[in-house]
Amino acid sequence: MNQLLRAAVAGLLGLSVASIGGCGPSAQDTPKPTAANGNAQDHDHDHDHEHDHDHDHDHDDATSQSLAEAVGEVERLRAEIEQSLAAGDLDAADGPVHKIGDVLETIPGLAEKQQLDAAALATVNKAVDELFDCFGAIDERIHHGEPAGRTYADVSDQVRAALATLQGVVSGTE
């Protein structure tokens, strides 16, 4: 996924936080990401929501982080999302789902600042793409209900694997 598309995805997630107000199902469906061919660049990350949230949304928080801090923040948000969804509290999961998009958006740039080699950068980008896909599908479920998107249980193995990959890159760069 190129940097421009990643920014658009995070921006749309951010707009939905700024402009979404109850997180109930909407009449408008968003397309599901397509993972059938395994090519992350072919995934559709369109998250168009037409309701408002009362959440503060600040993209500047993540830009001052190191790669290790950003990956740690993704892990913290993942745990918060998992706990909220396990308790059936979609509203509590919604803000962290959008925030995780903001943090994920910063990770490739942070990896580049650490001057990782091309293979490590590709690994980071692939893991970030997988996480965008997973949390985008969860976002769809939160906003549109069943059968849209996917549950956390549906994507938990993929999320944990992608996070382990990012944590491996971080531990190799410290």
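For clarity, every value in this text was computed on a predicted model and none was experimentally measured.

Moving on, we come to the overall build of the protein. Looking only at helices and strands, the protein features 6 helices and 0 strands. When the helices and strands of the protein are placed in sequence order, the string is α-α-α-α-α-α. Counting only residues that meet the buried cut, the protein has 46% of its 174 residues in that class. Excluding contacts between residues fewer than 6 apart, the proportion of contacts in the protein whose partners are at least 24 apart in sequence is 78%.

All right, on to the environment of arginine 76 then. Assignment of secondary structure puts arginine 76 in helix α3 (residues 67-86). Classification of arginine 76 as partly exposed rests on a relative accessible area of 42%. Counting along the chain gives 20 residues from arginine 76 to proline 96, while the straight-line C-alpha distance between them is 9.4 Å. Polar side-chain contacts of arginine 76 include one of 3.0 Å to the side chain of glutamate 80.

We now examine the confidence of the model for the protein. The pLDDT averaged across the protein works out to 75; a share of 62% of its residues lies at or above 70. Confidence drops under pLDDT 50 across residues 1-5; counting only partners more than four residues distant or on other chains, this segment forms 6 contacts. Predicted confidence is poor over residues 7-62, with pLDDT under 50, and the contacts of this stretch with residues over four places away or in other chains come to 110 contacts.

The end-to-end C-alpha separation of helix α4 (residues 90-113) is 35 Å, in line with the 34 Å expected for 24 residues at 1.5 Å each. Of all bends in α4, the biggest is about 30 degrees, found at isoleucine 107, and the proline proline 108 comes one to four residues later. Among the 24 residues of α4, 18 are classified as buried, and the element is accordingly described as predominantly covered. For α4, the capping residue at the N-terminal end is aspartate 89, with a side-chain oxygen 3.4 Å from the backbone nitrogen of aspartate 91.

Looking now at the environment of phenylalanine 132. Here phenylalanine 132 is to be found in helix α5 (residues 118-144). By relative accessible area, which is 3% here, phenylalanine 132 ends up buried.

About the cut-offs
- Residues numbered from 1 in each chain as written.
- Predicted model: local features only at pLDDT ≥ 70, side-chain atom pairs only at ≥ 80, totals over all residues.
- Heavy atoms only, no water.
- Helix = DSSP H or I, 4+ residues; strand = E, 2+ residues; numbered from the N terminus.
- Buried < 20%, exposed > 50% of the residue type's maximum accessible area, 1.4 Å probe, protein only.
- Contact = heavy atoms within 4.5 Å.
- Polar contact = N/O pair within 3.5 Å; in protein donor to acceptor, adjacent residues only side chain to side chain.
- pLDDT = per-residue confidence, 0-100.
- Expected span 1.5 Å × (residues − 1).
- Bend = angle between axes of the 7 residues up to and from the residue.

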